[in-house]
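# Inside the fold
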Amino acid sequence: MTHIDAGAELDPVHPVALPMTRSAGLTGAEVAERVTRGQVNDVPVRSSRSLGGIVRANVLTRFNAIIGVLWLIMLFVAPIQDSLFGFVILANTGIGIVQEWRAKQTLDSLAVIGEARPTVRRDGTAAEVATSEIVLDDLIEIGPGDKVVVDGVCVEADGLEIDESLLTGEADPVVKRPGDAVMSGSFVVAGGGAFQATKVGREAYAAQLAEEASRFTLVHSELRTGISTILKYVTWMMVPAAVGLVVTQLVVQSHGFKDSIARTVGGIVPMVPEGLVLLTSVAFAIGVIRLGRKQCLVQELPAIEGLARVDTVCLDKTGTLTEGGMDVTELRPLDGADEGYVRKVLGALGESDPRPNASLKAIIDACPDTEEWRCVESVPFSSARKYSGAAFSEADGEISTWLLGAPDVLLADGDPALAETGRLNEQGLRVLLLTRASRDLDDPEPARGARPTALVVLEQRLRPDAADTLRYFADQNVRAKVISGDNAVSVGAVAAKLGLDGTTVDARHLPADRAGMADALDRGTIFGRVTPRQKRDMVGALQSHGHTVAMTGDGVNDVLALKDSDIGVAMGSGSEATRAVAQIVLLDNSFASLPSVVGEGRRVIGNITRVATLFLVKTVYSVLLAVLVVCAQVAYPFLPRHLTLLSTLTIGVPAFFLALAPNKERAKPHFVRRVMRYSIPGGVVAGAATFVTYLVARDHYTGNGQLDAETSAATLTLFLVSMWILAIIARPYTWWRVTLVAAMGVAFLLVLAVPALQGFFALKLVGVTMPWTAVGIAVVAAAALEFLWKWVDRREALR
């Protein structure tokens, strides 16, 4: 058959295609000329920070500057063992740079895989090219789901409707005709056409927006903001404590200058939670690498954190629970219609759409075109209309107009065909209605008075992994909501086959107000006949009830909801528009990847919350010890080497392993409050116990080596209390967690037992009474820690 050309112009009154000359696009010589002049779309591709940026971000930090100055001082005034903390910082910073560089390479390689490849017409031939290869005046073909990548002017239009909501905020699609402007950042929702590029590269309207939105970043998340807030408070506490310590050790105490400097630095260095920011960056970076290996493109790093907080996931049925393809299983003529004639109509309808959706592709396979009919007018399918249509000049010259779409949209209530449709929907089958229209396609109500001709029954292919994935969400206390534009009964039957139980709701009957919709969403599980705007409203309604919402989708009707959700997850085979607005793209189109993605988010946020407590307990007890030393006018009990040893064994090494361990607990809000509720009592107990041991040791020891003996006793108490804190944080125990805690204890015993290590770290327990006293004080502190943290746990559980 013949039909209208994709480059036909639409009359402003009637959508009848008027023939126009199809442009051949630029020639190869013209393209080369524009490349030479630099008129190319040279917007930087999505990328992480440069290597230089990564190095600067990891090296040039406020706390690295403080530690660096103190390290240089110690290199001149004390033995090398008192400068170990500087080498640890160098090693940690190096690890951070390497891990983020690896994450950059993973992200960049995945970005290339998921990059859009627009169709450009040159020398009369259409071919896909990279976005960066588009030149000024290129002719770019577009269809449903395609994103407009550069600014231009419409040259050809065939029922072309473009959604500019991401630019203007207006959700209604805009009909485009030849001569109309099209803007980068918008996307096609219906029809097709072509436009000529008028602005490329950084001149395009959305170029800066796109570059900013897809930048590899570690900001704009509760975790990062919370850590910044904590570091700000730490700075405020650290400055006066450090000043008091300097005055006490250099002026009041009569120890040698170098020893006083060493003990002053020993008091200041542990106040800095320098490893916390580093470990957060490393955890995020490793999260990107792990997800990259599973073909998950993380477009914004905070998305990993957001996934940990998700408690509701909204699933689009088509492409998520079901595979994209369908099969026509049955054709049921109505009112005595001839099946052969119906097949001709369906074949002609399939041929009239240059960009058929999955349903129409199945019909094309089942009903090939006879090439006897000529399409004279057409209306493409849109998710808002729920039908498509075309008018044909048949073989005998008769003009007939046909509509193909949802039966419950095209038929009046009570029509006998609806009862048959309902029975089929209950079996999980998808049903389309073919009707012969008595009105023109441009009529406000073309379906009114239409005569039902046939039911087209299609069977959707269920994803084999969908049932397991839904079970995972149920086990993890994440509520799944199926939101689809299809018939509610059919969607409910599909969900039931996958083991998802719950109330099925027709979205056309949902309350319009947000509060009423939110209540209905809390009660229901499966929602059918949802319009694109309703999907967006439903996401907002769920969020208004305090839910953290993830939205999955692959079609243009999902874009607005993806954009407004807390976490948007797009399928790699989905439209360019969905991939552009989503934070995470599943490049392998596997719904089964979602548990891995959610699990990775929970691992990162849960473990960072866990290890942040370790770091901040050290900060609290260091500040408290400094204040107590200043008030008591005594020598600071520790040298830098002592606290470097303790930090390495009770914080540094364990935190690295704990930060990368599996963690399935859903993250909770108020990061700063929860971390400080544990860190402050833990730090106060550790600092107080250590200072009590130090004061008892000062009364117990006399003579030469008194200060070293006092330091060793205080170090023993602080190590034991810190080990108990580590043991609490490592819960629930597994074999490797027990091994980790035990290994740190054995390492400390080696330092106490090996003479060479005793001398290197200046640690030697003198006598029997004081060491056992130190152990007894540590036991009392451990009991206090258990009581206080259980009390905090109960308070948190009541919130």
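Residues numbered from 1 in each chain as written. Predicted model: local features only at pLDDT ≥ 70, side-chain atom pairs only at ≥ 80, totals over all residues. Heavy atoms only, no water.

### With respect to the overall build of the protein
What the protein contains, in helices and strands, is 27 helices and 23 strands. Looking at the protein as a whole, 56% of its 799 residues qualify as buried. Looking at the protein alone, contacts between residues at least 24 apart form 73% of all its contacts between residues at least 6 apart. For the protein, the accessible area works out to roughly 32,100 Å², and carbon and sulfur atoms hold 58% of it. (Helix = DSSP H or I, 4+ residues; strand = E, 2+ residues; numbered from the N terminus. Buried < 20%, exposed > 50% of the residue type's maximum accessible area, 1.4 Å probe, protein only. Contact = heavy atoms within 4.5 Å. Areas by Shrake-Rupley, 256 points an atom, 1.4 Å probe, with all protein chains shown as cover.)

### Quick word on the side chain of Glu-710
Tracing the sequence through the fold places Glu-710 in helix 24 (residues 706–729). An unpaired buried charge is present at Glu-710: no salt bridge exists, and Arg-698, the closest side chain of opposite charge, is 4.1 Å distant. Of the polar contacts made by the side chain of Glu-710, one reaches the side chain of Gln-706; its length is 2.6 Å. Setting aside residues no more than four positions away along its own chain, Glu-710 makes contact with Tyr-694, Ala-697, Arg-698 and Tyr-701. (Lys, Arg positive; Asp, Glu negative; His and termini not counted. Salt bridge = Lys/Arg side-chain N within 4 Å of Asp/Glu carboxyl O. Polar contact = N/O pair within 3.5 Å; in protein donor to acceptor, adjacent residues only side chain to side chain.)

### A look at the pairing of strand 22 (residues 567–571)
When a strand is regular, its side chains alternate between the sheet's two faces. Most of strand 22 is tucked away: five of the five residues are buried. Residues of strand 22 alternate between two faces, with Ile-567, Val-569 and Met-571 on one and Gly-568 and Ala-570 on the opposite face, all of them buried. Across four bridges, the pairing between strand 21 (residues 549–553) and strand 22 is parallel. Bridge pairing links Gly-553 to Ala-570 in strand 22. Sheet topology places strand 22 next to strand 23 (residues 584–586); three bridges connect them, and they run parallel. For Val-569, the partnering residue across the bridge sits in strand 23 and is Ile-584. (Pairing = 2+ DSSP bridges.)

### Let's talk about the pairing of strand 15 (residues 399–405)
Burial runs high along strand 15: six of the seven residues are buried. Taking the residues between adjacent antiparallel strands as the criterion, strand 14 (residues 387–393) and strand 15 are bridged by five residues, where Gly-397 takes a positive phi near 90°.

### A few points about the packing of aromatic side chains
Applying the stated criterion across every chain, the model contains nine aromatic pairs. A centroid spacing of 5.7 Å and a plane angle of 65° characterise the contact between Tyr-472 and Phe-473, whose relative ring orientation is edge-to-face. Residue Tyr-472 shares its accessibility class with Phe-473, and that shared class is buried. Centre to centre, the rings of Phe-656 and Phe-657 are 6.0 Å apart; their planes meet at 85°, and the pair counts as edge-to-face. An aromatic cluster is built from Tyr-341, Trp-373, Phe-392 and Trp-402, whose rings are joined through pairwise contacts. (Phe/Tyr/Trp six-rings, centres within 6.5 Å; stacked < 30°, edge-to-face > 60°.)

### Thoughts on the pattern of salt bridges
Considering all chains together, one arrives at 19 salt bridges under this definition. In this structure, Arg-122 and Asp-138 form a salt bridge, with 2.6 Å as the shortest nitrogen-oxygen distance. Linking Arg-122 in strand 3 (residues 119–122) with Asp-138 in the loop between strand 4 (125–128) and strand 5 (139–142), this pair joins segments that are 16 residues apart in sequence. Accessibility classification places Arg-122 together with Asp-138 in one group, the buried group. One salt bridge in this structure joins Arg-343 and Glu-339, with 3.1 Å as the shortest N-O distance. A residue pair is termed a helical-turn pair when its members lie 3 or 4 positions apart in one helix, as Arg-343 and Glu-339 do in helix 11 (residues 339–352) at four residues. Overall, Arg-343 belongs to the partly exposed group, its relative accessible area being 33%. For Glu-339, a relative accessible area of 34% corresponds to the partly exposed category. Within the structure, one salt-bridge network assembled from shared partners comprises Glu-330, Arg-332, Glu-420 and Arg-423.

### Some points on the packing of helix 22 (residues 640–659) against helix 25 (residues 735–753)
Viewed as axis vectors pointing N to C, helix 22 and helix 25 meet at an angle of 160°, and their least axial separation amounts to 10 Å. Put simply, helix 22 runs roughly antiparallel to helix 25. For helix 22 against helix 25, the interelement crossing comes out right-handed. Contact residues: Leu-645, Leu-646, Leu-649, Val-653, Pro-654, Phe-657 and Leu-658 in helix 22; Trp-736, Arg-737, Leu-740, Met-744, Ala-747, Phe-748 and Val-751 in helix 25. (Axes fitted to C-alpha atoms, helices over the stretch in contact; angles between N-to-C directions. Parallel < 35°, antiparallel > 145°, perpendicular 65-115°, else oblique. Left-handed = near helix turned anticlockwise from the far one by under 90°.)

### Comments concerning the packing of helix 21 (residues 594–632) against helix 22
Pairs of packed helices are described in terms of their axes, by the angle between the two and the distance that separates them. Where helix 21 contacts helix 22, the axes come no closer than 9 Å and their chain directions differ by 170°. In terms of axis orientation, helix 21 runs roughly antiparallel to helix 22. Only Ser-647, Thr-650, Ile-651, Ala-655, Leu-658 and Ala-659 of helix 22 make contact with helix 21, whose side of the interface consists of Arg-603, Asn-607, Arg-610, Val-611, Leu-614, Phe-615 and Lys-618. Taken together, the residues that form the contact of helix 21 with helix 22 break down as seven nonpolar, three polar and three charged. (Nonpolar A, V, L, I, M, F, W, Y, C, P; charged D, E, K, R; others polar.)

### Some words on unusual backbone geometry
In the segment running from Arg-731 into Pro-732, the intervening peptide bond is cis, with an omega of -5°. Examined against the element boundaries, Pro-732 turns out to sit in the loop between helix 24 and helix 25. The phi dihedral of Gln-295 falls on the positive side, at around 60°, and the residue is not glycine. When you line up the elements, Gln-295 lands in the loop between helix 9 (274–293) and strand 10 (296–298). Phi at Arg-529 is positive, roughly 55°, even though this residue is not glycine.

### Focus: the nonpolar core
Of all hydrophobic cores here, the largest spans 123 residues; its most connected members are Phe-591, Ile-725 and Phe-748. Look past the residues within four positions of Ile-725 in its chain and what remains in contact with it is Leu-614, Val-617, Gly-682, Ala-686, Leu-785 and Trp-789. Core analysis: the next-biggest nonpolar cluster, separate from the first, contains 24 residues, Phe-187, Ala-507, Ala-518 and Phe-527 among them. (Core = buried A, V, L, I, M, F, W, Y, C linked by side-chain atoms within 4.5 Å.)

### Things to note about the sheet that holds strand 22
Overall, mixed pairing links the eight strands, which are arranged 10-23-22-21-11-18-20-19 in an open sheet. Bordering the open sheet on either side are strand 10 and strand 19 (504–506), each of which pairs with just one other strand. Neighbour to neighbour, the strand axes of the sheet diverge by 20° on average, direction disregarded. Summarising the sheet, strand 11 (residues 312–315) and strand 21 pair through three bridges and their orientation is parallel. Looking at the pairing, Thr-312 lines up with Val-549 of strand 21.

### What to know about the confidence of the model for the protein
Summing up the model confidence of the protein, the mean pLDDT is 80 and the portion of residues at 70 or higher is 87%. Scored below 50 in pLDDT, residues 209–220 makes 25 contacts in the model with residues more than four places away or belonging to other chains. (pLDDT = per-residue confidence, 0-100.)

### Some words on the side chain of Lys-386
Tracing the backbone shows Lys-386 in the loop between strand 13 (374–379) and strand 14. Side-chain polar atoms of Lys-386 contact the backbone oxygen of Val-530, separated by 3.5 Å. Contacts of Lys-386, omitting those with residues within four sequence positions, involve Phe-381, Gly-405, Ala-406, Val-409, Gly-485, Arg-529 and Val-530.

### Topic: helix 24
With 24 residues, helix 24 ought to run about 34 Å at 1.5 Å a step, and its terminal C-alpha atoms sit 35 Å apart, in line with that. Here helix 24 lies mainly inside the structure; 20 of its 24 residues are buried. (Expected span 1.5 Å × (residues − 1).)

### Quick notes on helix 21
For helix 21, built from 39 residues, the straight-helix expectation of 57 Å at 1.5 Å per residue is met to within 8% by its first-to-last C-alpha distance of 57 Å. Burial runs high along helix 21: 31 of the 39 residues are buried. Looking one or two residues beyond helix 21, the residue adopting positive phi is Gln-633, at roughly 55°.

### Concerning a nonpolar patch on the surface
On the surface, a cluster of nonpolar side chains totalling about 690 Å² of accessible area is made up of Leu-72, Leu-75, Phe-76, Ile-80, Phe-87, Leu-90 and Phe-760. Those elements that provide at least two residues to the nonpolar patch are helix 3 (62–77) and helix 4 (84–113). Within the fold, Phe-76 resides in helix 3. Residue classification places Phe-76 among the exposed residues on the basis of a relative accessible area of 67%. (Patch = residues over 30% accessible without salt bridge, like charges linked within 9 Å, V, L, I, M, F, W, Y side chains within 5 Å.)

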